[in-house]
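Take a look at the letters that make up each chain.
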Amino acid sequence: QRGGSIEVVSRFPLATRLDRAMAAHVEEVGGRGASGQEQKAKRRKTRGASAISAEAGTLPGAPATGGPGGGGVAFELGRRRKLEELRATFREQLGRALKGHAFSQEGEQLEVIEPPRESFNRWIFSGDGGSLVGEILDDLPVKLHNWYPTELEKKRENVRRWRCVMRKWWTEHKYWEETSEVQAFIFSEELDDIPFCANELRVMTRQAVEHVLGPIVRGAVAELARQRDAARLGFSPAARAAAAADDDTAGLGGAEEAAEPRAGLEEEGGSAASTSGGTYSVDVDFDPLKRVYVFTAMRSYGDGAQAAEESFKLSKWGYDKLAELFVPARTTRTFWEEVFCCLCRYEALCGGDNDSSEGGGLHAALPQEVFDVMPPDTTEAFASPFNVSRRAAPQVARPLQDGATPSSSSSSGRPRYHRYCSFFNEDQVFGSIGNFFENVKDLESIKSFGAHVFFECNPPFDVFVMDRLVDRIEFLLQAAEAEGAAEKSEVSDGALLSLSFLLAFPEWQPNAFRKESPITRLQESRFLRETRVRRPNQHRYVKGRCWNWSKLPEARGPPLAQGVSKSRVTLLSTPAAAAAGGSASGGAGAAAAVPEAAA
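Quantities reported herein were computed from a predicted structural model and do not represent experimental measurements.

### Description of helix α5 (residues 152-173)
(1) Moving on: Between its first and last C-alpha, α5 extends 31 Å over 22 residues, near the 32 Å set by a 1.5 Å rise per residue.
(2) Moving on: Residues of α5 that are buried include every one of Arg156, Asn158, Val159, Trp162, Arg163, Val165, Met166, Trp169, Trp170 and His173, and no others.
(3) Moving on: The secondary structure elements touched by the buried residues of α5 are α6 (181-186) and α7 (198-231).

Following this line, the structure appears as structure tokens:
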């Protein structure tokens, strides 16, 4: 780099295509305001692929100074380690406690017992131990691959497998002295006349194992919560408040201090590294063939030695999106450091290795075509820097026709992406307004959004989270309705004229297995304006956790995936929003078309 321009020197015979790709890339990032010696960049060729590397993690065009940021590289690495340790410890403790109590659907006793898929992730989101206890008990003593087959022969095969396991369980843990209907069915050979549906079988199974396994599972989950609180991961408001009072190690610019560990150090705003001494910086490599960046945290020691601590991949699509969302004034760190921190916390939240698909279901989103029929000023209540969607063009709010291309930009001077809330308050450096439940508490907290406020709510599919969301929405709608009635004769500046919420939930209706459901509350709400249900494979979602994919299309981003179970889209709004009809600002009329677009 000389005088603000980057000179590309070819030393490898792969030649033209690679050189052109790299030249286009460095011209693109260099054109965002690179300035001379402040940006030191070098280019190297490795095994036929081009790469970019930089010192001190400084991105051309991304200022390295600004306001206070989150905990930084050292903190995120420490939090990731703590979260991984928590997962592993829970898996080990649960497996040890349930030894001899879990079976495969073939009737074999399981030697390795895994918690239900994504159950730990949902618990991290919700913090509700009861939900996690229920998920674990529902899989004991056996989890069938499909409890709800439609073919008669598969239903019979399910009953055979269920009986095989329950006979073993009954023999080992018999506690009913007299003959019961359940016992008679377990030891029957009848398959032509099955008196119980799948949900009734699940209820009977839960009742049979509760007296033995309920205390075991509750004890394991209570210990998990104790360990989470001791680790001080910074997920709760209380932990964040404690961290703010202890924020004395925030790093500046290119390298961050990894301080000596203190008792209970893992708080937000402090260095969470469990090692002592040294500094952290972030190196970045780019492969133009795969269109993937690799972000690596490098730890430097006083003797000049360096070691790679952790690496994460990010597609060029994700890189460009984060670059556009980045708010330099909200951090004292470089763009590359903040990207690394963002990758670190979301990879940790999802679990699995860096190429895993685990956690993808909790990170899925509605398609862009659905957002294109929402008001441009929509606020996404449960999003992240990776899956926040683009704003619709303000002059057009209609579903796309088959074969059409989604809009890629808003009007001049307006942000391309929606206002959004996210799980981590640290995401504010990428435009997030913080956690929904912590920051959207009353009407005063959203009046700055404008007179017509529209929320899109696609939360993690956890009953506790969904119930809590409905509670908050009902409270806000009632407050907005009351305020509207009081100010009907006189509208003052800053008054909230209309409020709407579009919710995407799984279609979990009450049944023998699930006595209560948030769906019932939506259907019975007096603020209900529209609701639609789509059957499995008749609607689509944007796949989650695709930010590290190679060759991800830069225009479209992550692909769409079929919904594998029923989904419901519901519009709740104040009377004022409903009266707004089809206006783009009120949003009620436009939102009525959203369920159709979702299909």
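### Observations regarding the confidence of the model for the protein chain
(1) Moving on: With 71% of its residues at a pLDDT of 70 or more, the protein chain shows a mean pLDDT of 76.
(2) Moving on: pLDDT under 50 marks residues 1-70. Its contacts with residues more than four places away, or in other chains, come to 135 contacts.
(3) Moving on: The low-confidence segment residues 395-412, where pLDDT is below 50, has 28 contacts with residues more than four positions distant or belonging to other chains.

### Thoughts on the side chain of Glu76
(1) Moving on: Its location among the elements puts Glu76 in helix α2 (residues 72-97).
(2) Moving on: When sequence neighbours within four positions are dropped, the list of residues in contact with Glu76 reads Cys341, Cys344, Arg345 and Glu426.

### Description of the pattern of salt bridges
Side-chain pairs of opposite charge can arise whenever the charged atoms involved come near each other.
(1) Moving on: Taken as a whole and assessed by the stated rule, the structure comprises 38 salt bridges.
(2) Moving on: Of the charged contacts, one joins Arg291 and Glu554 as a salt bridge, the two residues approaching to 3.2 Å between their closest N and O atoms. With a gap of 263 residues between them, Arg291 in the loop between β4 (279-287) and β5 (292-300) and Glu554 in the loop between β12 (540-542) and β13 (560-562) connect regions that are remote in the sequence.
(3) Moving on: Since its relative accessible area comes to 35%, Glu554 is described here as partly exposed.
(4) Moving on: Notably, a salt bridge pairs Asp427 with Arg345, separated by 3.0 Å at the nearest N-O pair. Remark: Arg345 occurs in helix α10 (residues 335-350) and Asp427 occurs in the loop between β8 (419-422) and α12 (436-439); sequence separation between them is 82 residues.
(5) Moving on: By sharing partners, the salt bridges in this structure join Glu153, Arg156, Glu157, Arg160, Arg161 and Asp192 into a single network.

### Some words on the nonpolar core
(1) Moving on: Judged by nonpolar contacts, the single largest core of 80 residues is most densely connected at Ile136, Phe295, Leu314, Phe340 and Phe430.
(2) Moving on: It is α10 that provides the largest number of residues to this core, a total of 12 residues.
(3) Moving on: Residues in contact with Phe430, not counting those within four places in the same chain, are Leu322, Leu325, Phe326, Phe335, Glu338, Val339, Cys342, Pro385 and Tyr420.
(4) Moving on: Membership of the second largest hydrophobic core comes to 28 residues, among which are Val453, Phe455, Leu469 and Phe501.

### Quick notes on the sheet that holds strand β14 (residues 567-573)
Sheets are built from strands that pair by backbone hydrogen bonding, the pairs being arranged parallel or antiparallel.
(1) Moving on: The sheet built from six strands is open, its strands ordered β8-β7-β9-β10-β14-β11 with mixed pairing. Each edge of the sheet is formed by a strand with only one pairing partner; in this case those strands are β8 and β11 (528-534). Strand-to-strand twist of the sheet, defined as the mean angle between neighbouring strand axes without regard to direction, takes the value 15°.
(2) Moving on: Direction of pairing for strand β9 (residues 452-457) relative to strand β10 (residues 498-506): parallel, over a ladder of six bridges. Residue pairing in the sheet places Phe455 in a bridge with Phe501 of β10.
(3) Moving on: Sheet strands in contact with helix α13 (residues 463-486) are β7 (379-383), β9, β10 and β14, and its direction is about 165° off that of β10.

### What to know about the pairing of β7
(1) Moving on: Counting buried positions along β7 yields five of five residues, so the element is predominantly enclosed.
(2) Moving on: Here three bridges tie β7 to β8, and the two strands are oriented parallel to one another. Of the residues in β8, the one forming a bridge with Thr379 is Arg419.
(3) Moving on: In this sheet, β9 lies alongside β7 in parallel orientation, the contact comprising two bridges. In the strand pairing of β9, Thr379 is matched with Phe455.

### Points about helix α3 (residues 119-126)
(1) Moving on: The buried count for α3 comes to seven of eight residues, which makes it a mostly enclosed element.
(2) Moving on: All of the buried residues along α3 are Ser119, Phe120, Asn121, Arg122, Trp123, Ile124 and Ser126.
(3) Moving on: Packing partners of the buried residues in α3 comprise α2, α4 (129-138), α7, α10 and α13.

### Some details on the packing of aromatic side chains
(1) Moving on: Using the criterion set out here, one finds 25 aromatic pairs in the structure.
(2) Moving on: Measuring from ring centre to ring centre gives 4.4 Å for Phe286 and Tyr293, while their planes differ by 40°; the resulting arrangement is tilted.
(3) Moving on: Look at Phe286 and you get buried, because its relative accessible area is 3%.
(4) Moving on: Here Tyr293 falls in the buried class, since its relative accessible area comes to 2%.
(5) Moving on: Ring plane angle 75° and centroid distance 5.1 Å describe the contact between Phe326 and Phe335, whose orientation is recorded as edge-to-face.
(6) Moving on: By relative accessible area, which is 10% here, Phe326 ends up buried.
(7) Moving on: Taken together, the ring pairs in this structure connect Phe286, Tyr293, Phe295, Tyr319, Phe326, Phe335 and Phe430 into an aromatic cluster.
(8) Moving on: Lying over the aromatic face of Phe185, Arg163 brings its terminal NZ or CZ to 4.4 Å of the ring centre.

Conventions used here
Residues numbered from 1 in each chain as written. Predicted model: local features only at pLDDT ≥ 70, side-chain atom pairs only at ≥ 80, totals over all residues. Heavy atoms only, no water. Helix = DSSP H or I, 4+ residues; strand = E, 2+ residues; numbered from the N terminus. Expected span 1.5 Å × (residues − 1). Buried < 20%, exposed > 50% of the residue type's maximum accessible area, 1.4 Å probe, protein only. Contact = heavy atoms within 4.5 Å. pLDDT = per-residue confidence, 0-100. Salt bridge = Lys/Arg side-chain N within 4 Å of Asp/Glu carboxyl O. Core = buried A, V, L, I, M, F, W, Y, C linked by side-chain atoms within 4.5 Å. Pairing = 2+ DSSP bridges. Axes fitted to C-alpha atoms, helices over the stretch in contact; angles between N-to-C directions. Phe/Tyr/Trp six-rings, centres within 6.5 Å; stacked < 30°, edge-to-face > 60°. Lys NZ or Arg CZ within 6 Å of the ring centre and 35° of its normal.

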